[in-house]
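Residue strings, one per chain:
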Amino acid sequence: MTDLAQQRAAYAARVTAKAGTDDPALRRAFATVPREAYCGPGPWTVLEEGGAARVADPAGLYRDALVALRPEAGLNNGEPSLHALCLAAVGVKPGERVVQVGAGGGYYTAILAELVGPEGRVEAYEVEPSLAAAARTALSGYGQVRVHDRSGAEGPLPPADLVTVAAGATAPLPVWLDALRPGGRLLVPLTAERSGGMLLATRPPGPVQAGPAQTGSAQVWPARFLAPVSFVPCAGARRPEEAARLATAFRDRDWTRVRRLHRGGRPGPGAFVAGEGWWLE
């Protein structure tokens, strides 16, 4: 094993431990994918709580920190332990089909490709043309990945077992929810400005359950927030009025108690926040 491979293996163990998971497939994916291949040419700017640092050695990327991709736009390669926590929560399986909204440079696309394996599929969407081109080149060795240089907040999207969004939205968009197969999962950061919570919503297997009669809800999906997060805004997935409601909800209510996503209907007394055609209970 090379020194860099050893660095990756140790990093993978640290990242998954911090995420609270011992999933061997997830640890193996983080130990396999070379982060430096997806962050542009070095030297790189690493962003930690203590500030920014420039690193020229790829080994310096194997820490639980952001790596700047397009600093002028606030775009970065996200925090590994947060992504590990989210991927552990959704339990990506070999052979699954994934829609990724916001591929960036392709690092977490490669992690997803490792998890779904050669029989799976990752459809990655990146609206920033230069990042999409870089990701397409870096991911060329994965036959199960296709990079689309357009917004993933617009249809059509292919049917998916997982839709994962890497930019802050103010709503779980219908285009994402409608793409999910029965049992499929949506991971989306719901954010007021940049901060908010990472929502995991699951389409029930079989017929979708109807909500309580008094709310007139059309569908009820299991849902919960996994962690507080901060993300750049997702183009095409933000409404000012929903952002204002999210700001109030995260300030005044307990996000850890959210358990259900309602599609349609009137918000009930247990509503955490309500948007256009959806609400969280």
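Residues numbered from 1 in each chain as written. Predicted model: local features only at pLDDT ≥ 70, side-chain atom pairs only at ≥ 80, totals over all residues. Heavy atoms only, no water.

Tell me about the sheet that holds strand β2 (residues 51-55), and please be specific about residues and values.
Sheet architecture is open: 4 strands sit in the order β2-β1-β3-β4, paired in antiparallel fashion. Either end of the sheet is taken by a strand with one partner, and the two such strands are β2 and β4 (75-77). Across the sheet, the mean angle separating the axes of adjacent strands is 40° when strand polarity is ignored. (Pairing = 2+ DSSP bridges. Helix = DSSP H or I, 4+ residues; strand = E, 2+ residues; numbered from the N terminus. Axes fitted to C-alpha atoms, helices over the stretch in contact; angles between N-to-C directions.)

Break down the layout of surface pockets for me, citing the residues and quoting the values.
In this structure, the largest pocket spans a volume of roughly 1,000 Å³. Lining the largest pocket are 49 residues, with Asn76, Ala166, Ala167, Phe231 and Val232 sitting closest to its centre. Broken down by secondary-structure element, the contributors of at least two residues to the lining of the largest pocket are β3 (66-70), β4, α3 (80-90), β5 (97-101), α4 (107-116), β8 (160-165) and β11 (219-230). Ranked by the residues each element gives to the lining of the largest pocket, the list is headed by α3, at 5 residues. (1 Å grid on protein atoms, 1.4 Å probe; cavity = no way out; pocket = protein on both sides within 12 Å on 5 of 7 lines; lining within 4 Å. Points joined across faces, edges and corners; volume = space filled by probe spheres on them.)

Give me the lowdown on unusual backbone geometry, citing residues and values where you can.
Glycine aside, a negative phi is what most residues show, and trans is what most peptide bonds show. Cis geometry is adopted by the peptide bond preceding Pro43, which originates at Gly42 and carries an omega value of 0°. Topologically, Pro43 is positioned in the loop between α2 (24-32) and β1 (44-48). Pro156 follows Gly155 through a cis peptide bond whose omega is 0°. Within the secondary structure, Pro156 sits in the loop between β7 (145-148) and β8.

Describe the pattern of salt bridges, naming the residues involved and giving the relevant values.
Going through the model one piece at a time under the given rule, you end up with 12 salt bridges. Across the salt bridge formed by Asp64 and Lys18, the nearest N and O atoms sit 2.8 Å from each other. You can see Asp64 sitting in the loop between β2 and β3 and its partner Lys18 sitting in helix α1 (residues 3-18), a full 46 residues away along the chain. Since its relative accessible area comes to 23%, Asp64 is described here as partly exposed. In this structure, Arg70 and Glu128 form a salt bridge, with 4.0 Å as the shortest nitrogen-oxygen distance. Highlighted residues: Arg70 in strand β3 and Glu128 in the loop between β6 (121-125) and α5 (129-138), separated in sequence by 58 residues. Each of Arg121, Glu123 and Arg146 takes part in a single network of salt bridges with overlapping partners. (Salt bridge = Lys/Arg side-chain N within 4 Å of Asp/Glu carboxyl O. Buried < 20%, exposed > 50% of the residue type's maximum accessible area, 1.4 Å probe, protein only.)

I'd love a proper account of the sheet that holds β8, names of residues and values included.
Judged by pairing direction, the sheet is mixed, and its 10 strands sit side by side in the order β7-β6-β5-β8-β9-β10-β11-β12-β14-β13 without closing on themselves. Looking at which strands have only one partner, the edges of the open sheet turn out to be β7 and β13 (273-275). For this sheet, the mean inter-axis angle between neighbouring strands, taken without regard to orientation, is 20°. Here β13 pairs with strand β14 (residues 278-280) via 3 bridges, running antiparallel. The residue bridging Ala274 from the neighbouring strand is Trp279, located in β14. Relative to the sheet, α3 contacts β8, β9 (180-191), β10 (195-202) and β11, its axis offset from that of β11 by approximately 160°. (Contact = heavy atoms within 4.5 Å.)

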